[in-house]
Amino acid sequence: MAMAGRVRSALPLLRKALYSDSRSALHPALLSNPELSRNYATAPAKEQKVKVPVTMYGVSGNYASALYIAAVKASALEKVESEILDLIEASKKSPKFSQFMKDLSVPTDTRVKAISDICANAKFGDLTRNFLVVLAENGRLKHIDAIAKRFAELTMAHRGELKATVTTVIPLPPEEEKELKETLQDVMGKGKKVNIEQKIDPSILGGLVIEFGQKVFDMSIRTRARQMERLLKEPLNF
C-alpha cells in the first residue's frame, strides 16, 4: 500500500490531530502575561475581537499570537510579516547581528537603542518596531527565529494555507505526494490550500512523519518499533 494510502487509512487520527485545539480561543496565560501587556499599536476606536487561527504555546507561541492579534487589529498583517521576515534574513546574513540578539549580557538600554535604530533605518512600521522593542526590553530577542516561524504559521492559517512537512526515508514519488496532498486537503476542507515540504531522514527507518503547525502524526517504522519494544518489556499477566 502506498504511503499516502496509509495516511488515508488513518484519517480519523489525522483529523483529530489537525483539529485538536485548533479553534480554541487565545490561551488565557497570554492575556495575563505582564510582558505582553504593552500595546504594539494604537488601539482602534472600537475594540476588535480577534482569535488566533491556531493555538500556540510556549514563549515563541505566546509572542507570535500577540503580534498576530495586534497586526490583524491594525490591518497590517502582510506588512508586519514582511518586516519580520526581512529582519530574520538580515540576521542570517550578519553573524554579528545574530549574536547580538542572543547575547543577554548586553545591557537592556543598549539592546533597545540598537533595535530601535535598526527599525528606523529599515523603515519598519510602528507596530513591528514596538514589538521588537518589547522583545529587547524583556531579553526575548534570542527567540526571534522561533517567534517568526510561529508567526508565519499563523499568517498561513489566516490565509487558509497549511504547511505540512513530510519526513520519509526516500523522496515521495510525485503520484504519492499528490495523493497525500489530496488526503490532507480532504481533512482540511474546501477553501484551504495545503503546501507540502519534503524532508529526508533515514533514521526513521521507513514509513513517514507528518508535521503541521505544532501537530505531529508519526507513522514511522522507528516509532512503531519503539512501541513494540515497550510492549514486549511489560510483564505478562496470566
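Because the structure is a prediction, the values reported are computed rather than measured.

Peer 1: Help me understand the overall build of the protein, please; the structure alone is not making it clear to me.
Peer 2: Within the protein, the secondary structure is distributed over 11 helices and 4 strands. Pairs at least 24 apart in sequence give 72% of the contacts found in the protein among residues at least 6 apart. Entry remark: accessible area of the protein is about 13,700 Å², with carbon and sulfur atoms responsible for 55%.

Peer 1: Before we go on, may I ask you to explain a nonpolar patch on the surface in this structure?
Peer 2: Side chains of M228, L231 and L232 sit close together on the surface and give an oily, nonpolar patch of about 330 Å² of accessible area. By secondary structure assignment, the location of L232 is in helix α11 (residues 221–233).

Peer 1: Would you mind showing me how to read the confidence of the model for the protein here?
Peer 2: Should pLDDT be low for a region, the predicted coordinates there are not to be read in detail. Of the residues in the protein, 78% reach a pLDDT of 70 or more, and the chain-wide mean stands at 79. The least confident element of the protein, judged by mean pLDDT, is helix α3 (residues 28–31) at 38; the most confident is helix α8 (residues 126–137) at 95. For the stretch residues 6–15, pLDDT sits under 50, and the model shows 23 contacts to residues farther than four places along the chain or on other chains. Low pLDDT, under 50, characterises residues 17–32; the predicted model gives this stretch 28 contacts beyond four residues in sequence or across chains.

Peer 1: Looking at this model, I keep getting lost on helix α6 (residues 95–102). Mind explaining?
Peer 2: Every α-helical turn comprises 3.6 residues, leaving residues that sit three or four positions apart pointing alike. Within α6, burial applies to F97, S98, F100 and M101. Across the axial projection of α6, the buried residues extend over an arc of 155°, all falling on one side. Along α6, exposed side chains directed more than 90 degrees from the buried face belong to P95 and K96. Those residues of α6 that are buried are in contact with α5 (77–93), α7 (108–121) and α9 (144–158).

Peer 1: Would you explain unusual backbone geometry in this entry?
Peer 2: Phi is mostly negative for residues that are not glycine, and the peptide bonds are mostly trans. One non-glycine residue with positive phi stands out, namely K123, at about 60°. When you line up the elements, K123 lands in the loop between α7 and α8. A positive phi angle, close to 75°, is found at L205, a residue other than glycine.

Peer 1: Please explain the pattern of salt bridges as it appears in this structure.
Peer 2: When the charged atoms of two side chains with opposite charge come close together, those side chains can pair. One pass over the full model with this rule turns up 8 salt bridges. The shortest N-O distance in the salt bridge between E182 and K178 comes to 2.6 Å. On the criterion of helical spacing, the pair formed by E182 and K178 is a turn pair, its members being 4 residues apart in helix α10 (residues 174–188). On the basis of relative accessibility, which here comes to 53%, the residue K178 falls in the exposed class. Linked through salt bridges whose partners overlap, the residues forming this network are E81, R159 and E161.

Peer 1: Where do I start with the pairing of strand β3 (residues 209–212) in this structure?
Peer 2: Successive side chains on a regular strand alternate, one facing one side of the sheet and the next facing the other. Bridge count for strand β1 (residues 161–168) against β3 is 4 bridges, and the pairing is antiparallel. Counted as the bridge partner of T165 is E211 from β3. Where β3 lies against strand β4 (residues 215–218), 4 bridges are found, and the strand directions are antiparallel. Bridging across to β4, E211 finds its partner in V216.

Peer 1: It is not clear to me how the sheet that holds β3 should be interpreted in this structure. Could you clarify?
Peer 2: Strands pair in a sheet through their backbones, by hydrogen bonds, and they do so in one of two ways: parallel or antiparallel. Strand order across the open sheet formed by 4 strands is β2-β1-β3-β4, with mixed pairing between neighbours. The sheet is open, and its two edges are formed by β2 (193–200) and β4, each paired on a single side. The mean angle between the axes of side-by-side strands here comes to 20°, regardless of whether they run parallel or antiparallel.

Peer 1: Teacher, can you tell me more about the nonpolar core here?
Peer 2: Side chains of a nonpolar character, in soluble globular proteins, are inclined to be buried together. Counting residues in each nonpolar core, the largest one holds 38 residues, and the members touching the most others are Y68, V80, L132 and L135. Listed by contribution, the elements that provide at least two residues to this core are α4 (58–73), α5, α6, α7, α8 and α9. It is α4 that provides the largest number of residues to this core, a total of 8 residues. One finds V166, L208, F212 and F217 within the second-largest nonpolar core, a separate group that totals 14 residues.

Calculation criteria
Residues numbered from 1 in each chain as written. Predicted model: local features only at pLDDT ≥ 70, side-chain atom pairs only at ≥ 80, totals over all residues. Heavy atoms only, no water. Helix = DSSP H or I, 4+ residues; strand = E, 2+ residues; numbered from the N terminus. Contact = heavy atoms within 4.5 Å. Areas by Shrake-Rupley, 256 points an atom, 1.4 Å probe, with all protein chains shown as cover. Patch = residues over 30% accessible without salt bridge, like charges linked within 9 Å, V, L, I, M, F, W, Y side chains within 5 Å. Salt bridge = Lys/Arg side-chain N within 4 Å of Asp/Glu carboxyl O. pLDDT = per-residue confidence, 0-100. Buried < 20%, exposed > 50% of the residue type's maximum accessible area, 1.4 Å probe, protein only. Arc of directions from axis to C-beta. Pairing = 2+ DSSP bridges. Axes fitted to C-alpha atoms, helices over the stretch in contact; angles between N-to-C directions. Core = buried A, V, L, I, M, F, W, Y, C linked by side-chain atoms within 4.5 Å.

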